[in-house]
Amino acid sequence: MTDTLHILKVALDVPLDRVFDYRTDKPNTQIGQYVVVPFGARKMIGVVVGISDTTAIESKKLKSIIRLDPEVIFDEQSFKLFQFCSQYYHYPLGQTILSAVPSRLKKINTKAMAKKYLYRLTPKAIELGVDQLPPRQTTLKRIVMALIDATLLDEASLRSMSSAWKKSIETLDEMGWIEKEEITLDDKVYIQAPIPSLNDEQKKAFDEISKTNKTFAAWLLYGITGSGKTEVYIRLIEEALKKEHAQVLVLVPEINLTPQLESRFRARFEKYMLVTLHSHLTDNERLTHWRLAKEGQAQIVIGTRLSIFTPMPHLSLIIIDEEHDASFKQQEGLRYHARDVAIFRAKSENIPIVMGTATPSLETWFNATKTKDAKKFGFLKLTSRAVLDSTLPEIKCIDISKSTVTKGFSPYLVEAIRDRLNKKEQSLIFINRRGFAPVLLCSSCQWTGRCHRCSSRLVVHLNQKRLRCHHCGHDEKMPLQCPSCGNTDLYPTGLGTQRVEETIKEFFPEARILRVDRDSTKTKEALNDLFLKMKNREIDILIGTQMLSKGHDFPYLSLVGVLDTDQALYSPDFRASERLFSQLMQVSGRAGRRGQQGAVIVQTSNPGHPIIALVAAHDYKAFYTMEMESRKMFHYPPYTRLIQLFFKHTDKLKALNAADFFASRIQPMFGDYLIGPAEPVVNRVRNKYIYEILLKLPRDGSKNTLARNHIQQVMAIMLNDALFKSVHVQVNVDPQ
């Protein structure tokens, strides 16, 4: 081998926990560059994670790279983060890295990104005037006159004037009459609201966190709904950006929280470059924003969970809004928790991290108050609403087992909505189930629509006349008669957002109603439209799912009605109580945030249930104490760490045999702290049967490495065994 050849260690997007050697004669190759390489009969995108002069592969079998891209897509700090996630979450390094970069970078054949420009006349053109143009050049004259009137024109405006606008622009450019500037970001004008003064608690929180702006510190900012946590975030960002080149990362749990937060931040940070990273961006937009962050040009990045992996060379502060939210946990592929990864990143980069919420996760509360880690976790409280004379809403529970209920609504709730309509105030009806109804039922034989690919029922979407599976996405027409007995009397049973919308329209035909769920808000524009209409009082009644239960500030909303809460009270999931309490507290917090007295009506058959009673009392601390007793008794987090394993196969017996084999090999290490194999509630998804095993580890992390090695060893044995190699095994660390 000559001295000009180097061996590149390349990570690929394949389910193998190893890197692959390729040769190159390219000088100055860097770790973090991405490459195109041959892999079997395919070409694949990979990332250079190491460079060496030696390899164990025979020279004749060693393949050369096809292409080396000059762009370095991650730095040393990012590589440490990827390595940690790969090891902690039991996921191959190549798949970890390539799941974290913009999808456009992973395409082998990509066209150059189309840039957009704004055009303006040069001083020379303005001085000479339109009369100096050739008399027959009508298109040139039209464009110049339009630019004189408008100063700036975009390409869409020019296209509307003439299909030959590009040729005209080229001519004007050659004449020195025009100049252009690239459009890269949001160019809207944001109106700044008056800057509020900090109350004593907000000022204390700001002062305490600011003292740690040059070192790692994890802060829990526990503030009731409407207590002004966002204003504290803004002041902390202002302080962080005083440092030259500083960057700040703000994580939000869901895309629907981004537009309102973005609008408020842009109004306050006009002189700083702010970008967003979320699923509603186009591939080009996401790549542009990601590169601006990676190159240090964007000082503020607001994004959903994947944004935690964004390279930011001058990162100085991380803020996590609604830290408790389950949306921060990725449920497919690399099953990371963005909050936990953010804490690791903050510690690795020696910067502070602030986690704000009105309902802290039990793990975060425990870390901030009850353990030796408390000295590393600062704990700050905001106990009153930031708006003067604004108080927490009164929460009233209606026992629907003793009340007449019409199509899911008690008379008390109906009258409360009517009262708000008369007062010109807004109401929110909350139900955590999209679609029209959960089940289509035959009145004769009790047939119900079931998914043929999953062990779950199909959900009725009446507006589209469709039945849909919310597990695998299967979609089919609603039958006109029962497939089992031929009966034509099929009716939806249960509540969904579409059915609630239909009922509300019957009760209040004069009301302006908007339904908000994932079916109705698939674009960023739909979300922006929602906030604008609520602010302008163009909506009387809002109907929504958990998308509306957190973070939103609707000034004129004074009533929240909660339907169908009882199902979560008896869930086998040990986190169900925590999720329900958090959800009810969060949605209750939408009411009465601007001075008017808010009210919350919770319809339940169990008004005496401890969780319902604690929600009505706004008592998080009592809920925490009650729930922690149960967690401690049954050895659940935060007293332990969990690893969940799924075994999936189209043959049910093969899935069970694989789970049994795994359990038998690993049981000596875990003893009674191994649960399963068992079938989950939904035991078949996309035609694959599922068995699961749950492992419990000490919370101090003392057995993490040992457990990982043992799990990987058993999985390697199974991968090389003909009986088990076709079984798909998924590892979920810290399941939510």
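Structure's up top.
Conventions and cut-offs
- What you see as residue numbers is a count from 1 along each chain, following the sequence as written.
- Given that the model is predicted, a residue must reach a pLDDT of at least 70 before its local features are reported, and side-chain atom pairs must reach 80 or more before they are shown or counted; all residues, however, enter totals for whole chains, interfaces and linings.
- Note that the side-chain values use all heavy atoms of the structure and ignore hydrogens as well as water.
- Secondary structure is summarised from DSSP: a helix means a run of H or I of at least four residues, a strand means a run of E of at least two, and numbering begins at the N terminus for each.
- The globule rule used here is 2.2 Å times the number of residues to the 0.38 power, and the radius of gyration it is set against is calculated over C-alpha atoms.
- Burial classification: accessible surface area is computed with a 1.4 Å probe over protein chains only, and a residue below 20% of its type maximum counts as buried, one above 50% as exposed, and the rest as partly exposed.
- With residues, only the protein chains shown are counted as cover, and all accessible areas are computed by Shrake-Rupley using a 1.4 Å probe.
- Aromatic rings from Phe, Tyr and Trp, with only the six-membered ring used for Trp, were paired whenever their centres fell within 6.5 Å, and each pair was classed as stacked if the ring planes differed by under 30 degrees, edge-to-face if by over 60, and tilted otherwise.
- Take the buried Ala, Val, Leu, Ile, Met, Phe, Trp, Tyr and Cys residues and link them wherever side-chain atoms come within 4.5 Å; each set so joined is a nonpolar core.
- Between two residues, a contact is recorded if the distance between any of their heavy atoms is within 4.5 Å.
- When DSSP finds at least two bridges between two strands, those strands are taken to pair.
- Only the stretch in contact is used when a helix axis is fitted, and all axes are lines through C-alpha atoms; the angle between N-to-C directions ranges over 0 to 180 degrees.
- We define a salt bridge as a side-chain nitrogen of Lys or Arg found within 4 Å of a carboxyl oxygen belonging to Asp or Glu.
- Residue count minus one, scaled by 1.5 Å, sets the expected span of a helix.
- Small angles under 35 degrees read as roughly parallel and large ones over 145 as roughly antiparallel, with 65 to 115 read as roughly perpendicular and the rest as oblique.
- The sense of a crossing depends on the near helix, which, turned anticlockwise from the far helix by less than a right angle, makes the crossing left-handed and, turned clockwise, makes it right-handed.
- Residues are grouped as follows: Ala, Val, Leu, Ile, Met, Phe, Trp, Tyr, Cys and Pro are nonpolar; Asp, Glu, Lys and Arg are charged; all remaining types, including Gly, are polar.
- We call a pair of cysteine sulfur atoms a disulfide whenever their separation is within 2.5 Å.
- Two axes enter the definition of the bend at a residue: one is fitted to the seven residues ending there, the other to the seven starting there, and the bend is the angle between them.
- Whenever two N or O atoms come within 3.5 Å, that pair is a polar contact, provided that in protein one can donate a hydrogen and the other can accept it, and provided that, for residues adjacent in sequence, both atoms are side-chain atoms.

K.L.:
Which parts of the structure should I look at to understand the overall build of the chain?
P.N.:
Secondary structure assignment for the chain yields 20 helices and 31 strands. Here the chain has a C-alpha radius of gyration of 29 Å; the compact-globule value for 736 residues is 27 Å, and the two agree. Considering only C-alpha atoms, the chain reaches an extent of 85 × 75 × 65 Å along its principal axes. Out of the 736 residues in the chain, the part that is buried amounts to 53%. When the accessible surface of the chain is totalled, it reaches about 34,300 Å², and 50% of it is carbon and sulfur.

K.L.:
Just to check I follow, could you spell out the packing of aromatic side chains for this structure?
P.N.:
Describing an aromatic ring pair means giving the distance of the ring centres and the angle of the ring planes. Applying the stated criterion across every chain, the model contains 27 aromatic pairs. Look at Y119 and W165: their rings are 6.5 Å apart centre to centre, the planes differ by 75°, and that puts the pair in the edge-to-face class. Here W165 lies in helix α6 (residues 165–175) and Y119 lies in strand β6 (residues 116–121), a separation of 46 residues in the sequence. Note on F647 and F662: the rings are 5.5 Å apart at their centroids and 55° apart in plane angle, and the pair reads as tilted.

K.L.:
Hey, could you run me through the nonpolar core in this one?
P.N.:
Across soluble globular proteins, you tend to see nonpolar side chains buried next to one another. Counting 114 residues, the largest nonpolar core has I308, F309, I353, L645, F647 and L695 as the members making the most contacts within it. No other element matches helix α19 (residues 652–670), which puts nine residues into this core. If we skip the residues at most four places from it in the chain, L645 touches F662, Y691, E692, I693, L695, I711, V729, Q730 and V731.

K.L.:
Got a minute to help me understand unusual backbone geometry in this structure?
P.N.:
Working note: non-glycine residues mostly have negative phi, and peptide bonds are mostly trans. The omega torsion across P637 and P638 is 10°, close enough to zero to call that bond cis. For P638, the location among the structural elements is in the loop between α18 (620–633) and β27 (640–649). Across the junction of G676 and P677, the peptide omega takes the value 5°, indicating a cis bond. Notably, D734 is not glycine yet its phi reads approximately 55°, a positive angle.

K.L.:
Got a minute to help me understand the sheet that holds strand β23 (residues 513–516) in this structure?
P.N.:
Backbone-to-backbone hydrogen bonds pair the strands of a sheet. The strands run either parallel or antiparallel. Strand order across the open sheet formed by six strands is β16-β26-β25-β17-β24-β23, with parallel pairing between neighbours. Each having just a single partner strand, β16 (394–399) and β23 make up the two edges of the open sheet. Shown here is a sheet whose adjacent strand axes are inclined to one another by a mean of 20°, direction ignored. Here strand β17 (residues 426–430) pairs with strand β25 (residues 557–562) via five bridges, running parallel. Residue pairing across strands places L428 opposite V560, the latter belonging to β25.

K.L.:
Could you clarify how one ought to interpret the sheet that holds strand β5 (residues 67–72) in this entry?
P.N.:
Taken together, the five strands give an open sheet; going across it, the order is β2-β1-β4-β3-β5, and neighbouring strands pair in antiparallel fashion. Where the open sheet ends on each side, the last strands, each with one partner, are β2 (20–24) and β5. The sheet shows a mean angle of 45° between the axes of neighbouring strands, taken without regard to direction. Bridge analysis of strand β3 (residues 33–39) against β5 gives three bridges, and the strand direction is antiparallel. By the bridge assignment, Q33 is partnered in β5 with V72.

K.L.:
Mind showing me how you'd approach the environment of G544 here?
P.N.:
Within the element layout of this structure, G544 appears in strand β24 (residues 541–544). Along the chain, G544 and G32 lie 512 residues apart, while their C-alpha atoms are 43 Å from each other.

K.L.:
In this structure, what is going on with the environment of M161? I would like to understand it.
P.N.:
Of note, M161 is situated in helix α5 (residues 155–161). Measuring from C-alpha to C-alpha, the distance between M161 and T503 comes to 49 Å, with 342 residues separating the pair along the chain. Here M161 is in contact with R142, I143, A146 and L153, once residues within four sequence places are set aside.

K.L.:
Would you mind going over the pattern of salt bridges with me for this structure?
P.N.:
Scanning all chains against the criterion turns up 31 salt bridges. As a salt-bridge pair, D207 and K203 come within 3.1 Å of each other at their nearest N and O atoms. Separated by four residues within a single helix, D207 and K203 lie in helix α7 (residues 200–210), roughly one turn from each other. K203 sits in the partly exposed class, given a relative accessible area of 45%. Of the charged contacts in the structure, one is a salt bridge between R466 and D475, with a shortest N-O distance of 2.4 Å. According to the relative accessible area criterion, R466 is partly exposed, its value standing at 22%.

K.L.:
Is there a simple way to think about helix α1 (residues 76–88) in this case?
P.N.:
An α-helical segment advances 3.6 residues per turn. Residues three or four places apart therefore align on the same side. Along its 13 residues, α1 runs 18 Å from first to last C-alpha, staying within 8% of the 18 Å computed at 1.5 Å per residue. Every buried residue of α1 is listed here: S78, F79, L81, F82, C85, S86 and Y88. Contacts made by the buried residues of α1 are with β4 (42–52), α2 (93–98), α11 (338–349), β27, α20 (704–719) and β31 (728–733). Note on α1: the residue one or two positions beyond its end, H90, has a positive phi of about 55°.

K.L.:
How do you make sense of the packing of α19 against α20 when you look at a structure like this?
P.N.:
In a pair of packed helices, the angle between the axes and the distance between the axes together describe the arrangement. Running from N to C, α19 and α20 point in directions that differ by 150°, and their axes come no closer than 10 Å. The orientation of α19 with respect to α20, classified from their angle, is roughly antiparallel. Handedness of the α19/α20 crossing: right-handed. Of the residues in α20, those touching α19 at A658, F661, F662, R665, I666, M669 and F670 are L706, A707, H710, I711, V714, M715, I717 and M718. Tallied by class, residues from the contact of α19 with α20 come to 13 nonpolar, one polar and one charged.

K.L.:
What is the right way to look at the state of the cysteines in this model?
P.N.:
Working definition: the covalent bond between the sulfur atoms of two cysteines is a disulfide. Inspection of every chain in the model, using the stated rule, returns zero disulfides. Take C482: it sits in no disulfide, and the sulfur closest to it among the cysteines is that of C445, at 3.6 Å. Assessed through its relative accessible area of 3%, C482 is described here as buried.

K.L.:
Help me understand the packing of α1 against α11 in this model?
P.N.:
Packing of α1 against α11 brings their axes to within 11 Å, and their N-to-C directions diverge by 140°. Considering the angle they form, α1 stands oblique to α11. Pair α1 / α11 crosses with right-handed handedness. Facing Q77, K80, L81, F84 and C85 of α1, the residues of α11 in contact are V341, F344, R345, S348 and E349. Taken together, the residues that form the contact of α1 with α11 break down as five nonpolar, two polar and three charged.

K.L.:
Would you mind showing me how to read α19 here?
P.N.:
In this model, α19 (19 residues) spans 25 Å end to end at C-alpha, consistent with the 27 Å of a helix rising 1.5 Å per residue. At S664, α19 shows its maximal bend, which comes to roughly 35°, and the proline P668 appears one to four places after that position. Where α19 is concerned, the buried positions are A655, A658, A659, F661, F662, A663, I666, M669 and F670. If you follow the buried residues of α19, they end up packed against β27, β28 (674–678), β30 (688–698) and α20. Between a side-chain oxygen at the N-terminus of α19 and the backbone nitrogen of L653 the separation is 2.9 Å; the capping residue is D651.

K.L.:
Can you walk me through the environment of Q95 in this structure?
P.N.:
Within the secondary structure, Q95 is located in helix α2. The spacing of Q95 and D17 is 78 residues in sequence and 8.9 Å in space, taken between C-alpha atoms.

K.L.:
I'm lost on the side chain of E578 in this one. Help?
P.N.:
Tracing the chain through its elements places E578 in helix α16 (residues 576–588). At 2.8 Å, the side chain of E578 and the side chain of R631 are in polar contact. Ignoring sequence-local partners within four residues, the contact set of E578 consists of P360, S361, L362, E363, F623 and R631.

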